[in-house]
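# Per-entry structural report
Chain by chain, the residues:
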Amino acid sequence: MTATVIHDPAPAVEPAPRRWRLRAVLVALTAALVATGVIFLVRAGSERDSGAAANHAVVDSAATSQVVGQVSAALNQVLSYSYSSPKVAQAAAAKYLAGDAVGQYKQLFAQLQERAPGQKLSFVAKVITAGVTSLHGNSAQLLVFLDQRSTRASDNESSVAAAQVQIGAVRSGGIWRITELKPL
């Protein structure tokens, strides 16, 4: 009897170049995934810092309320005027106006000073509603709707006029100052 010898085949071993290629592909794939993740994180961070999320009027109701409250109170004082005591309006303007709004107000005030004493004019401004359209740090843009009641003491005639005003404001010294008065 002849004995037949069966040889166990040796375990299959991948050739070294094939394992090296597989590792290289896996490393490249991992690097690509990490780079893609980093790109998405950076883009998400920049989206968070721009657009609507950067506009605090959209996300910070307390700051928005503060701007609306202070600017509305300032407008009520600055745009109210009495022929008998014009210095009250001038003092409010000096306190609450800055930038271009100072020149805009001076033009209006010069016209009032000419007409008001003879007609005994008084104006009382009242902000009806105001909204902050943008709030970034210490600057804000508002849209304000107000009524202004005018009264002529010379003939006791009164009228009310509505107005829309775009307001620019900056916070300085803890208060919001009006930097732009643009009638719409």
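Everything below is about the structure printed above this text.
Summarised in this report is the structure supplied together with it. (Residues numbered from 1 in each chain as written. Predicted model: local features only at pLDDT ≥ 70, side-chain atom pairs only at ≥ 80, totals over all residues. Heavy atoms only, no water.)

### Quick word on the overall build of the chain
Helices and strands together make up the secondary structure of the chain, namely five helices and five strands. Counting from the amino terminus, the chain carries its helices and strands in the arrangement α-α-α-β-α-α-β-β-β-β. A total of 184 residues make up the chain; the buried ones form 25% of that total. When contacts within the chain are restricted to residue pairs at least 6 apart in sequence, long-range pairs at least 24 apart make up 55% of them. Accessible surface for the chain amounts to roughly 12,300 Å². Of this, 58% is attributable to carbon and sulfur atoms. (Helix = DSSP H or I, 4+ residues; strand = E, 2+ residues; numbered from the N terminus. Buried < 20%, exposed > 50% of the residue type's maximum accessible area, 1.4 Å probe, protein only. Contact = heavy atoms within 4.5 Å. Areas by Shrake-Rupley, 256 points an atom, 1.4 Å probe, with all protein chains shown as cover.)

### What about unusual backbone geometry?
In this structure, K120 is a non-glycine residue whose phi angle is positive, near 55°. Looking at the element boundaries, K120 is found in the loop between α5 (100-119) and β2 (121-136). On the basis of relative accessible area, K120 is assigned to the partly exposed category, the value being 37%. Of note, the phi angle at N156 is positive, near 60°, even though the residue is not glycine. Relative to the elements of secondary structure, N156 occurs in the loop between β3 (139-152) and β4 (157-172).

### Structural notes on the sheet that holds β4
Taken in spatial order, the five strands of this open sheet run β1-β2-β3-β4-β5, and their pairing is antiparallel. Both edges of this open sheet fall to β1 (81-82) and β5 (175-183), since each of them pairs with a single strand only. The pairing of β4 with β5 spans eight bridges and is antiparallel. The partner of Q166 across the bridge, within β5, is K182. Across the sheet, helix α4 (residues 86-96) is in contact with β1 and β5; its angle to β5 comes to roughly 110°. Running at roughly 70° to β5, α5 makes contact with β1, β2, β3 and β5 of the sheet. (Pairing = 2+ DSSP bridges. Axes fitted to C-alpha atoms, helices over the stretch in contact; angles between N-to-C directions.)

### Here's the deal with α4
Restricting attention to buried positions, one finds in α4 the residues A89, A92, A93 and Y96. The buried residues of α4 occupy one face: seen down the axis, they fall within an arc of 100°. Summarising the geometry of α4, the exposed residues directed more than 90 degrees from the buried face are K87 and A94. Contacts from the buried residues of α4 go to α3 (61-78), β1, α5 and β5. (Arc of directions from axis to C-beta.)

### Some remarks on α5
Relative to the 28 Å expected for 20 residues at 1.5 Å per residue, α5 spans 29 Å between its end C-alpha atoms, a close match to the ideal helical length. The sharpest bend along α5 comes to roughly 30°, located at Q113, with the proline P117 sitting one to four residues further on. Those residues of α5 not exposed but buried are A101, Y105, F109, L112 and A116. Against the buried residues of α5 lie α3, β1, α4, β2 and β5. Of the residues flanking the end of α5, it is K120, one or two places downstream, whose phi is positive at about 55°. (Expected span 1.5 Å × (residues − 1). Bend = angle between axes of the 7 residues up to and from the residue.)

### Topic: a nonpolar patch on the surface
On the surface, L22, L26, L29 and L33 cluster together to form a nonpolar patch covering roughly 410 Å² of accessible area. Examined against the element boundaries, L26 turns out to sit in helix α1 (residues 16-48). Its relative accessible area of 46% is what places L26 among the partly exposed residues. (Patch = residues over 30% accessible without salt bridge, like charges linked within 9 Å, V, L, I, M, F, W, Y side chains within 5 Å. Salt bridge = Lys/Arg side-chain N within 4 Å of Asp/Glu carboxyl O.)

### A few points about the packing of α3 against α4
For the pair α3 and α4, interaxial distance at closest approach is 8 Å and the crossing angle is 145°. Across from A74, Q77 and V78 in α3, the residues of α4 making contact are A89, A92, A93 and Y96. Split into classes, the residues belonging to the contact of α3 with α4 amount to six nonpolar, one polar and no charged. (Nonpolar A, V, L, I, M, F, W, Y, C, P; charged D, E, K, R; others polar.)

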